[in-house]
Amino acid sequence: MSSVEAHQEQLSQSDPSPSPNSCSSFELIDMDAGSLYEPVSPHWFYCKIIDSKETWIPFNSEDSQQLEEAYGSGKDCRGRVVPTDGGRYDVHLGERMRYAVYWDELASEVRRCTWFYKGDKDNKYVPYSESFSRVLEETYMLAVTLDEWKKKLESPSREIIILHNPKLMVHYQPIAGSDEWGSTPTEQGRPRTVKRGVENISVDIHCGEPLQIDHLVFIVHGIGPACDLRFRSIVQCVNDFRSVSLNLLQTHFKKAQENQQMGRVEFLPVNWHSPLHSTGVDVDLQRITLPSINRLRHFTNDTILDVFFYNSPTYCQTIVDTVASEMNRIYTLFLQRNPDFKGGVSIAGHSLGSLILFDILTNQKDSLGDIDSEKDSPNIVMDHGDTANLEEDLKKLQLSEFFNIFEKEKVDKEALALCTDRDLQEMGIPLGPRKKIINYFKSRRNLLGITQPSTQAALGMNLPRESEPHSSTDATRKDKYLDVSIGQVSVKYPRLIYKPEIFFAFGSPIGMFLTVRGLKRIDPNYKFPTCKGFFNIYHPFDPVAYRIEPMVAPGVEFEPMLIPHHKGRKRMHLELREGLTRMSMDLKNNLLGSLRMAWKSFTRAPYPALQAETAEEAEAEPESSLEQASDVSTEETCAAGKGELPPVNVGMLNRGQRIDYVLQEKPIESFNEYLFALQSHLCYWESEDTVLLVLKEIYQTQGIFLDQPLQ
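Note that the structure is predicted; figures quoted are calculated from it, not measured.

(A) Summary view of the nonpolar core. Ranked by internal contacts, the top residues of the largest apolar core, which has 96 residues, are F218, M327, F503 and F534. The residues contacting F503, other than those within four sequence positions of it, are I347, G349, S354, L357, F358, L361, I510, F528, C531, G533, F534 and F535. Core analysis: the next-biggest nonpolar cluster, separate from the first, contains 17 residues, L399, F402, V411 and L424 among them.

Rendered as structure tokens:
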């Protein structure tokens, strides 16, 4: 008797259902030996390279069904394309390949799977090839029909599969250098479990995404190619963000989904790091990089230097052009693939990505003239005269002979205002006329109180300024300072082909960069020309995040808005901390009231005639003082307990609503702020609280609200 048959007999005599903790190499399939043959149900998988290892991931049930219907339609599959994953990927059925639609990504192999074997180092199952799965299925069908088992098959890779009976099917790896069947299966390594049908393997198969898309959100990454501590790309992180949003829609918007009022929000990543580093700058940096501490220097060149690139006029132009053109390209492609889409568009940025979006938004032009939006653009940018107006200006300067040169170079009034002395010299303009032109446009900027295309000017001059002494001197000094601001003067910001509804900033350094650029205060009446909403969301321990509201109301101290926990209430350690604060305030007020009453009793008047009156006053005063103290205590307690702050004018950046929103730290994070600082900057992708705030604000614009308001 062979060792396999002996092992099989031992299994039949023992308990047929091994415990989950059993280390046995065999896993049994609960089937009746005499049952009739039933065809296997296929499921479609695709292969991803994760940590340099192939991992087979199942399509969701809806996508797999669509692929199976297209496969079984009887039509030629060679030119058949099936959109999957909410339209973000296309599967070319004939090629058995899966391609990304909106971003660059390596194509993935696709497979129609029916038979699986357990992997070598983990418990994940690997599907057999489609051709060999058909062989296995035919052999299994004959074995069930004829009740003839002990079937032995050899795969194209010389692996051995033995179908002992319906309850025991194993897979043996070949021994290196052994090409014959002479050796027994036990001599060919440890056996692996073979499973038939996806329902018999442990794998999570999702139901799919709603077909209706209510809103589109573009997400721009920060510095470097990696976006979290696992060094994942922006595509993978946005996938997590999207998955969290789908789960929250099912748990917090049940009523709206039952009434079919909503579908889902689509989140699409925008990558600017790869185009920036494909310009050849990495080669230039490598030539000057020291050979020591090679990994650290490579990390610095690939990640931290992105901040300096954005402060360089040359590479800043590359970055803003890439971000804007990518969002415009993806938006156009999205509309082509979703012609029935009627929803709005929002944008979100993480870290440096939020600053890039902020600068782009402040330099947009509201030329469409929406009824709801005020016409801020003429105040933010210089008036865009056409060539006729330019000709009139040149006549005023007695420089009409140069108009043909500007017309040949397609330079209008706006473009001429952006030209430097070197640009004019390259066009052949002599020194004297160059100085006249530069001085003319500089004087116009001083007159209007702006410097184009400076972000500071856009933020600071939207309202009439308060009358201050030495205003002209200050304006001149500020204009002079803005001319040497960090890489903003020579950048021409591209225009978006849509108007974002809301701008979300995650862990954003916008406030710090504006301060470094010399902006001390944001005009309370300033708002983005084309975007109505702005939310600055950050973790309290995020070392890169800065607030915005103190720049709008610099004379008022107030706390940011606390983001509610997605399960309601506050985290337990925060409630405990507030409870202790409330208790100490109550003890303090009660102690002061007792001392005040004791003091009054010692200082009563000794005269009998005034004794009754004084006693009444003495009783009334402690009562009133206690009432005042209790009122103060109650107000402070309510403010501390509910997190409600007195109304503060935070300007029109977010339609008069609050701008700064802070997450609640986890209990373990409160033990050591420094230990979790880096993690706090990268926590937003999987933060349910962050995603729920984004969904809540987006759907509020459509009149859809949470099932239960969070507190």
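Next comes the rest of the account.
(B) Geometry of the environment of A417. Positionally, A417 belongs in helix α14 (residues 413-418). A C-alpha to C-alpha distance of 9.2 Å links A417 and Y440, two positions 23 residues apart in sequence.

(C) Up close: the sheet that holds strand β3 (residues 81-84). A sheet is described by the order of its strands in space; here 6 strands give the open sequence β2-β1-β6-β5-β4-β3, paired in antiparallel fashion. With one partner strand each, in any of the chains shown, β2 (53-58) and β3 form the two edges of the open sheet. Averaged over all neighbouring strand pairs, the angle between strand axes comes to 35°, with direction disregarded. Across 4 bridges, β3 lies against strand β4 (residues 89-92) in antiparallel orientation. Note that in β4 the partner of T84 across the bridge is Y89.

(D) Spatial organisation of the sheet that holds strand β15 (residues 344-350). Here we have 7 strands laid out as an open sheet, ordered β14-β13-β15-β16-β17-β19-β18, and parallel in their pairing. With one partner strand each, in any of the chains shown, β14 (264-270) and β18 (561-562) form the two edges of the open sheet. Two strands pair when backbone bridges link them, and strand β17 (residues 533-538) and strand β19 (residues 660-662) are joined in this way by 3 bridges, in the parallel orientation. Paired with Y538 across the strands is V662, a residue of β19. The sheet contacts of helix α10 (residues 352-362) involve β13 (213-220), β15, β16 (502-506) and β17, and relative to β15 the element is tilted by about 135°.

(E) Layout of the pairing of strand β11 (residues 168-172). Burial within β11 is extensive, with 5 of its 5 residues counted as buried. Of the two faces of β11, the one holding L168, V170 and Y172 and the one holding M169 and H171 are both buried throughout. Pairing of strand β10 (residues 160-165) with β11, which is carried by 5 bridges, proceeds in the antiparallel orientation. In the strand pairing of β11, I162 is matched with V170. Linkage of β10 to β11, two consecutive antiparallel strands, is achieved through a turn of 2 residues. Of the pairings in the sheet, the one linking β11 to strand β12 (residues 192-196) comprises 2 bridges and is antiparallel in character. Each residue of the ladder has a partner; that of H171, found in β12, is R192.

(F) Looking closely at the packing of aromatic side chains. Going through the model one piece at a time under the given rule, you end up with 26 aromatic pairs. With a centroid separation of 4.9 Å and 45° between ring planes, the pair formed by Y117 and Y128 is classed as tilted. Of this pair, Y117 sits in strand β7 (residues 115-118) while Y128 is found in the loop between β8 (125-127) and α3 (130-146), placing the two residues 11 residues apart along the sequence. The pair Y117 / Y128 is uniform in exposure class, with both members buried. Pairwise contacts between aromatic rings join F358, F503, Y526, F528 and F534 into one cluster. Geometry around Y46 places R98 over its ring, the cationic atom sitting 3.8 Å from the centre. Here R547 stacks its cationic end above the ring of F558, 5.4 Å away from the centre of that ring.

What counts and what doesn't
Residues numbered from 1 in each chain as written. Predicted model: local features only at pLDDT ≥ 70, side-chain atom pairs only at ≥ 80, totals over all residues. Heavy atoms only, no water. Core = buried A, V, L, I, M, F, W, Y, C linked by side-chain atoms within 4.5 Å. Buried < 20%, exposed > 50% of the residue type's maximum accessible area, 1.4 Å probe, protein only. Contact = heavy atoms within 4.5 Å. Helix = DSSP H or I, 4+ residues; strand = E, 2+ residues; numbered from the N terminus. Pairing = 2+ DSSP bridges. Axes fitted to C-alpha atoms, helices over the stretch in contact; angles between N-to-C directions. Phe/Tyr/Trp six-rings, centres within 6.5 Å; stacked < 30°, edge-to-face > 60°. Lys NZ or Arg CZ within 6 Å of the ring centre and 35° of its normal.

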